[in-house]
Amino acid sequence: MIQVIFGETGAGKTKRIIDIANETLKTANGSIVFIDNDNQYMFGLKHDIRFVDASEFHIDSPKMFFGFISGIAAQDFDLEYIFIDGFMKIVHHPLDTLEELFKGMDEFANRCNVKLILSITGSEESAPEFLKPYIMH
């Protein structure tokens, strides 16, 4: 399952994704990973959530990003949630070019029984069609 928190800059996406991650701890049976493009919000997360600063791994393509999250899942058989804040700053590609990545992430999430929650900056009116089914309201 993929869910996307989508909205303009300053709309509160980061606060929302951190709140959802922290709230998930109450009901999660497996582990939770929170990926961000820097460590600015690391201390807003509860201690039991594993924080990963993606900027340390020099991700520069959708394919590399997919390998990155696959590696996280490969080392943690109890993985239940992956939260990704600042998704576009990590992937470094225009959103309208990422349809294949989203198809791959959807298959990955279903195969590994992992829930992916991403925050993406943009206006909902200009969201690509492939993204619309994933947008949380």
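Because the structure is a prediction, the values reported are computed rather than measured. (Residues numbered from 1 in each chain as written. Predicted model: local features only at pLDDT ≥ 70, side-chain atom pairs only at ≥ 80, totals over all residues. Heavy atoms only, no water.)

Quick question: what am I supposed to make of the pattern of salt bridges here?
When the charged atoms of two side chains with opposite charge come close together, those side chains can pair. The final tally for this structure, using the stated rule, is five salt bridges. Close ionic contact of Asp19 with Lys15 constitutes a salt bridge, the shortest N to O distance being 2.7 Å. Of this pair, Asp19 and Lys15 are both found in helix 1 (residues 13-24), four residues apart, which corresponds to roughly one turn of the helix. What makes Asp19 partly exposed here is its relative accessible area of 38%. (Salt bridge = Lys/Arg side-chain N within 4 Å of Asp/Glu carboxyl O. Helix = DSSP H or I, 4+ residues; strand = E, 2+ residues; numbered from the N terminus. Buried < 20%, exposed > 50% of the residue type's maximum accessible area, 1.4 Å probe, protein only.)

Help me out: how do you make sense of the environment of Ile69 in this one?
If you trace the backbone, Ile69 turns up in helix 2 (residues 62-74). Exposure remark for Ile69: the relative accessible area of 0% places this residue in the buried category. When the C-alpha atoms of Ile69 and Leu116 are compared, they prove to be 10.0 Å apart, with 47 residues separating the residues in sequence. Each residue touching Ile69, except ones within four places of it in the same chain, is listed here: Ile35, Ile82, Met105 and Phe108. (Contact = heavy atoms within 4.5 Å.)

What exactly am I supposed to notice about helix 2 here?
At 3.6 residues per turn, the α-helix brings residues three or four places apart onto the same side. Between its terminal C-alpha atoms helix 2 stretches 18 Å, which fits the 18 Å expected from 13 residues at 1.5 Å a residue. Among the residues making up helix 2, those that are buried are Pro62, Phe65, Phe68, Ile69, Ile72 and Ala73. Down the axis of helix 2, the smallest arc covering the buried residues is 135 degrees, so these residues share one side. Those residues of helix 2 that are exposed and aimed more than 90 degrees away from the buried face are Lys63 and Ala74. Buried residues belonging to helix 2 abut strand 2 (31-36), strand 3 (50-53), strand 4 (79-84), helix 3 (87-91) and helix 4 (99-112). (Expected span 1.5 Å × (residues − 1). Arc of directions from axis to C-beta.)

Hey, could you run me through the nonpolar core in this one?
Soluble globular proteins: nonpolar side chains tend toward being buried together. Ile35, Phe65, Phe87, Phe102, Met105 and Leu131 are the most contacted members of the largest nonpolar core, which totals 35 residues. Listing elements by their share of this core, those giving two or more residues are strand 1 (2-7), strand 2, helix 2, strand 4, helix 3, helix 4 and strand 5 (115-121). Discounting residues that sit within four places of it in the chain, Phe65 has contacts with Ile59, Ile84, Phe87, Ile90, Val91, Leu101 and Met105. Counting 14 residues, the second largest nonpolar core, distinct from the first, contains Ile32, Phe51, Tyr81 and Phe83. (Core = buried A, V, L, I, M, F, W, Y, C linked by side-chain atoms within 4.5 Å.)

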